[in-house]
Amino acid sequence: MKDFILPPDRDMGTPASRSPTMVTLEIDGFSVTVPEGTSLMRAAAEIGIAVPKLCATDTLEAFGSCRLCLVEIEGRPGTPASCTTPVAPGLRVYTQTATLKQLRRGVMELYISDHPLDCLTCAANGDCELQDMAGAVGLREVRYGTPPEAGAEVNEIATHFRARNTGGEANPDWRPKDQSNPYFTYDPSKCIVCNRCVRACEEVQGTFALTIDGRGWDSRVSTGAADFLSSDCVSCGACVQACPTATLTENTVIEIGTPERSVVTTCAYCGVGCQFKAEMRGDELVRMVPWKHGKANRGHSCVKGRFAWGYATHRDRILHPMIRERITDPWREVSWPEALTFAADRMRGIQARYGRQSVGVITSSRCTNEETYLVQKLARAVFLNNNTDTCARVCHSPTGYGLGQTYGTSAGTQDFDSVEQCDVALVIGANPHAGHPVFASRLKKRLRQGARLIVIDPRRTESVEGPHYKAAHHLALRPGTNVAVVSAMAHVIVTEGLVNEAFIRARCDWDEYQEYVEFIADPRHAPEAVEGVTGVAADQIRAAARLYATGGNAAIYYGLGVTEHSQGSTTVIAIANLAMLTGNIGRPGVGVNPLRGQNNVQGSCDMGSFPHELPGYRHVKNPEVRAIFEAAWGVPIDPEPGLRIPNMLDAAVEGTFRGLYCQGEDILQSDPDTKHVAAALAAMDCVIVHDLFLNETANYAHVFLPGSSFLEKDGTFTNAERRINRVRRVMAPKAGHADWEVTQMLANAMGAEWAYTHPSQIMAEIAATTPSFAGVTYDRLDQLGSIQWPCNDDAPEGTPLMHVEGFVRGRGRFIRTEYVATDERTGPRYPLLLTTGRILSQYNVGAQTRRTANVAWHAEDVLEIHPHDAETRGIRHGDWVRLASRSGETTLRADLTDRVAPGVVYTTFHHPETQANVITTDHSDWATNCPEYKVTAVQVSPSNGPSDWQKSYQAQSDQARRILPAAE
Amino acid sequence: MTAQDDKLIRMANQIAAFMASKPEAEQAPGLAAHINDFWEPRMRRQLFARIDSGAVGLAPLVMRAAPLIRRPAD
């Protein structure tokens, strides 16, 4: 195993200064030059001198409380703290003098007098800064209180760590451990009140769940609630990471011990793409610690990536291939060759009987680029058709279409660092707090610095208001009216003369712009005209438009609330228009930023997963593009577009599509209109599910190929910033093979002669065939840490910002965006609008997070309903309710809240028992068939328990998951 | 008429609704190009079956674009 060598991970004590002005000073006789504003502590660290410290760490602003980092400065009185003292030209600083040594020992002695000396049995043993500092300052005795040595004279003083005094009486200052959080333990007896946890919660995470309660001796870290779990804490782990002692410790470290090595890898949850150090002991993962040098997360994490990785070793994992003749049979465990031969024979048999176009693949947005590339290659080079699609179909396919049409590339324009320079953030149809929490923390930090926020969302989500931030404008629109609202904003910008004409003239097609103006300036797009449709007050839209156009650097961040509509692509175009109108594109702090759902949804699109385009977003109709792959693969490429997922399902019901290889996606639970999906799957002759678990789709599968988790393979994920991050294998695949190997074995069983022995060879093929990846190699990824595509001769280190000099397509293109109401309308039978979303602690269909302790926060999906709508239906908080649409019905519990407006209800889709997608319909985006998850007309009524569908589904599911005992 | 036909008609009409906002000269070519680029031959075949049998339910713009839509081979 070739481990990535960690770059210097030293704690520099205080954050880096970005000043361009340099300052030269002398520390301990050595000259050092650093940016103005750097602390003395950091300046010393730059030349390798580690000043003792406890309350300082370079992820947090200096605090100056521990009094350990004192230094002496020639010509200045006293012993200032080096963490809070900035450098100045010509200073002569001494970090180690007789005075300092004595002072530091005195400080340490006081700390240790109120700290238990149980180092040998302490979880932080070997990983404790207090222990390190005691050594660093040469602490040799503690004169206060009872020395630990046997037989010493009893000299008892008050402490926080003794449960009882020597007389056996309870110590009122002692507090028991708080073990309420499933992932970490808070042990107050080990606390030195350095405030690092409190500051991390404020500065890094931005939740402000922690505080110091009391003063002086009474000072305590407090959540302000009974315990951590019932507090505002979101379990991001920032406090645990910041804690220098064993006060806040991961439970896995308590259980296992300290790790012995770490490997940098990339989180397999959302599209933020946080880099982590997987800290290992042997092949056991001890903990995941966010990596300071990860360019997407800058050392931060959320509860999912940081803690919710236990699914990777969950007992539900299937570790042997399985097959069955019919989906009504129980599963039979077989060898890999038997399973692959069975699958290959069936697929070939289907093609022989029903034609080349009768089978297809679904690539996974959870697997690596290399794996996804191979799956689409399987369709194109082995099945010889273009029937490949990916779950981006059901999330961000409109982004690909909309940004491709307007700008010429199917990706976000910025990096996440860009948010640090934005003045106005326009968040549309996204709730980063739940879906992209690490980005949300970075956004909140900017908002606390004064940037302003506009949120367009039917719900009053956590993104609208929270500790120390509040949206200047929350446009709580009626679901389905995005185009009307965003077009109305454009109308205001155009008619009030707020456009950036210089930008448009220089960068966009002026004639198209004129045509667009003629369209958008029409009074029918005025905020006043659409008020009745959108439910948003006209003056709010006007104010939001003015702020976006004139508030400085304005950045748009959007999510699935934009795309998952019948006009999803139109809204993406409208967003792209807004940014062009105001010149908010092509520099830091601005741009159009889709927040991608899954870890590698960007990558799976880049890799040619879509049925109409080869890797690099090049249409299959182009002969010159086909020629590249025909040469590389030695097969003819079909020039016709293939079937998209919904089209595959329709064709299956119709009988012309009969075989599917589905890698790492649970279409039965995640795709809309569950009954239709089930009918389609049931109609197929060969469904191959390649996954970690027997997911819902596997209920209808004939072949199950066990998958490998992100910990078990090498590869790359590409995040929402187009950042290609390395995924590194830290343990052997539990089922014997990484996913790319399994796809290769299946291809070879069908007659291909693939011979990849490492994913780096697959990347080499990608680079050789795909211009935007031309410069990407594993060596370069190791060197640079990560690379944002395009990466080629023009940009050998990648491209953080796109469209800087000009748009990828040449001139930016304005496209008209007429609002067309969705066909999904409320009426007497279904008078409410259902919209769906997610919650922080769970991820998508929950296959991973439901198999972790994250269920402590969200054990079931609930229906948010406004108290007025509840009252007229006789529904109380916590009641079982029946939720019905024209597609189907389910039951779940009601949550009465005014987060949703009257007329709107909301739920999540994390639990298969609820099956929220039984309710959603087959309506979809006009351009891409991305399903309209966000708008369904429903009725809600009191209920006694699970619906008939839920019961029959459960019965079918139990039946379909039977596995025959292995033959002896 | 099957549910599948219904769905295709709705999809074609949705595309027509978007293209209808474009300048006149771009409408039919825009619709045809979109269907040519994104609709698998099976879907286009079904669309033509619909068009050829009288086009009930299809938006007029779809009909105008029909000559520009590529008929699948075989």
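The name given to chain B in an unreviewed UniProt entry is Formate dehydrogenase delta subunit, and the organism recorded there is Gemmobacter megaterium.

Looking up chain A in an unreviewed UniProt entry gives the name Formate dehydrogenase alpha subunit, with the organism given as Gemmobacter megaterium.

Right, let's talk about the overall build of chain A for a bit. Scanning chain A from N- to C-terminus turns up 29 helices and 36 strands. Relative to the 2.2 N^0.38 estimate, which gives 30 Å for 968 residues, the radius of gyration of chain A is 29 Å and therefore close to what a compact globule would have. Along the first, second and third principal axes, the C-alpha set of chain A runs to 90 × 80 × 65 Å. Within the span of chain A, comprising 968 residues, buried residues form 60% of the whole. Pairs at least 24 residues apart make up 72% of the contacts formed inside chain A by residues separated by at least 6 positions.

This part takes up the overall build of chain B. When helices and strands are counted, chain B shows four helices and zero strands. The N-to-C order of helical and strand elements in chain B reads α-α-α-α. Relative to the globule expectation of 11 Å for 74 residues, the C-alpha radius of gyration of chain B, 11 Å, shows essentially globular dimensions. Principal-axis analysis of the C-alpha atoms places the extent of chain B at approximately 35 × 25 × 20 Å. Taking all 74 residues of chain B together, 34% fall into the buried category. Contacts spanning at least 24 positions in sequence make up 71% of the contacts within chain B whose residues lie at least 6 apart.

Residue and element names in this part refer to chain A. Residue Pro790 is bonded to the preceding Trp789 through a cis peptide linkage, with omega at 0°. The phi torsion at Asp28 lies on the positive side, around 50°, for a residue other than glycine. Along the chain, the position of Asp28 falls in the loop between strand 1 (22-27) and strand 2 (30-35). The exposure class of Asp28 is partly exposed, given the 16 C-beta atoms found within 10 Å. Of note, the phi angle at Asn929 is positive, near 65°, even though the residue is not glycine. On the secondary structure map, Asn929 appears in the loop between strand 35 (904-908) and strand 36 (936-942).

On to the confidence of the model for chain B, then. All names here are of chain B. Confidence along chain B averages 90 in pLDDT terms, with 92% of residues attaining 70 or more. The secondary structure element of chain B with the lowest average pLDDT is helix 1 (residues 3-19), at 87, and the one with the highest is helix 2 (residues 24-38), at 95. This complex was scored by the predictor with a pTM of 0.94 and an ipTM of 0.94.

Quick look at the interface of chain B and chain A now. Each partner contributes residues to the interface: chain B has 17 residues there, and chain A has 22 residues. When residues of the side of chain B that touches chain A are traced back to their parent elements, those giving at least two are helix 1, helix 2 and helix 3 (41-52) of chain B. Residue classes in the side of chain B that touches chain A are distributed as eight nonpolar, four polar and five charged.

Right, let's talk about the UniProt feature "domain: 4Fe-4S Mo/W bis-MGD-type" (unreviewed entry) in chain A for a bit. The residues that UniProt annotates with the feature "domain: 4Fe-4S Mo/W bis-MGD-type" (unreviewed entry) are residues 260-316 of chain A. The span residues 260-316 of chain A carries 9% helix and 35% strand; its end-to-end C-alpha distance comes to 28 Å.

The next subject is the sheet that holds strand 29 (residues 723-727) of chain A. Residue and element names in this part refer to chain A. A sheet is described by the order of its strands in space; here three strands give the open sequence 28-29-30, paired in antiparallel fashion. Each edge of the sheet is formed by a strand with only one pairing partner; in this case those strands are strand 28 (715-718) and strand 30 (786-788). The sheet shows a mean angle of 30° between the axes of neighbouring strands, direction not considered. Bridge analysis of strand 29 against strand 30 gives three bridges, and the strand direction is antiparallel. When the sheet's bridge partners are listed, Asn725 is paired in strand 30 with Ser786.

All right, on to the UniProt feature "domain: 4Fe-4S His(Cys)3-ligated-type" (unreviewed entry) in chain A then. In the UniProt entry, the feature "domain: 4Fe-4S His(Cys)3-ligated-type" (unreviewed entry) is given for residues 99-138 of chain A. The span residues 99-138 of chain A is 57% helical and 0% strand by assignment, and the distance between its end C-alpha atoms comes to 14 Å.

Turning our attention to the pairing of strand 1 of chain A. All names here are of chain A. The alternating pattern of strand 1 places Val23, Leu25 and Ile27 on a buried face and Met22, Thr24 and Glu26 on a face that is not buried. In the sheet, strand 1 pairs with strand 2 via six bridges, with the strands oriented antiparallel. Bridge pairing links Ile27 to Phe30 in strand 2. Counting the residues in the hairpin turn of strand 1 and strand 2 gives two residues, including Asp28, whose phi is positive at 50°. As paired elements, strand 1 and strand 4 (residues 92-94) share two bridges and run parallel to each other. Among the inter-strand pairings, Ile27 is bridged to a residue of strand 4, identified as Val93.

Time to look at the packing of helix 13 (residues 482-495) of chain A against helix 16 (residues 527-534) of chain A. Relative placement of two packed helices is described by the angle separating their axes and the distance separating the axes. Residues and elements named next belong to chain A. Orientation of helix 13 relative to helix 16, taken along the N-to-C sense of each, is 170°, at an axis distance of 10 Å. With respect to helix 16, the element helix 13 is oriented roughly antiparallel. Here helix 13 contributes Ala484, Val485, Ala488 and Val492 to the contact with helix 16, which in turn contributes Pro527, Val530, Val533 and Thr534. Split by residue class, the contact of helix 13 with helix 16 holds seven nonpolar, one polar and no charged.

Residues and elements named next belong to chain A. Residues Met489, Tyr548, Ile575 and Ile688 are the most contacted members of the largest nonpolar core, which totals 284 residues. Sort the elements by how many residues they give to this core and helix 13 lands first, with 10 residues. Apart from residues lying up to four places away in sequence, Ile575 is in contact with Ile428, Val486, Ile556, Tyr558, Val562 and Val592.

The subject of this paragraph is the environment of Arg70(B). Residues and elements named next belong to chain B. Its location among the elements puts Arg70 in the segment after helix 4 (60-65). Along the sequence, Arg70 and Ala55 sit 15 residues apart, while their C-alpha atoms lie 17 Å from each other. Those residues in contact with Arg70 that lie beyond four places of it in its chain are Asn36 and Arg44.

Criteria and cut-off values
Residues numbered from 1 in each chain as written. Chains lettered and ligands numbered in written order. Predicted model: local features only at pLDDT ≥ 70, side-chain atom pairs only at ≥ 80, totals over all residues. Helix = DSSP H or I, 4+ residues; strand = E, 2+ residues; numbered from the N terminus. Rg over C-alpha atoms; globule rule 2.2 N^0.38 Å. Buried ≥ 20, exposed ≤ 12 C-beta atoms within 10 Å, placed from the backbone. Contact = placed C-beta atoms within 7 Å. pLDDT = per-residue confidence, 0-100. Nonpolar A, V, L, I, M, F, W, Y, C, P; charged D, E, K, R; others polar. UniProt positions renumbered as here; feature names shortened; annotations may be inferred. Pairing = 2+ DSSP bridges. Axes fitted to C-alpha atoms, helices over the stretch in contact; angles between N-to-C directions. Parallel < 35°, antiparallel > 145°, perpendicular 65-115°, else oblique. Core = buried A, V, L, I, M, F, W, Y, C linked by C-beta atoms within 7 Å.

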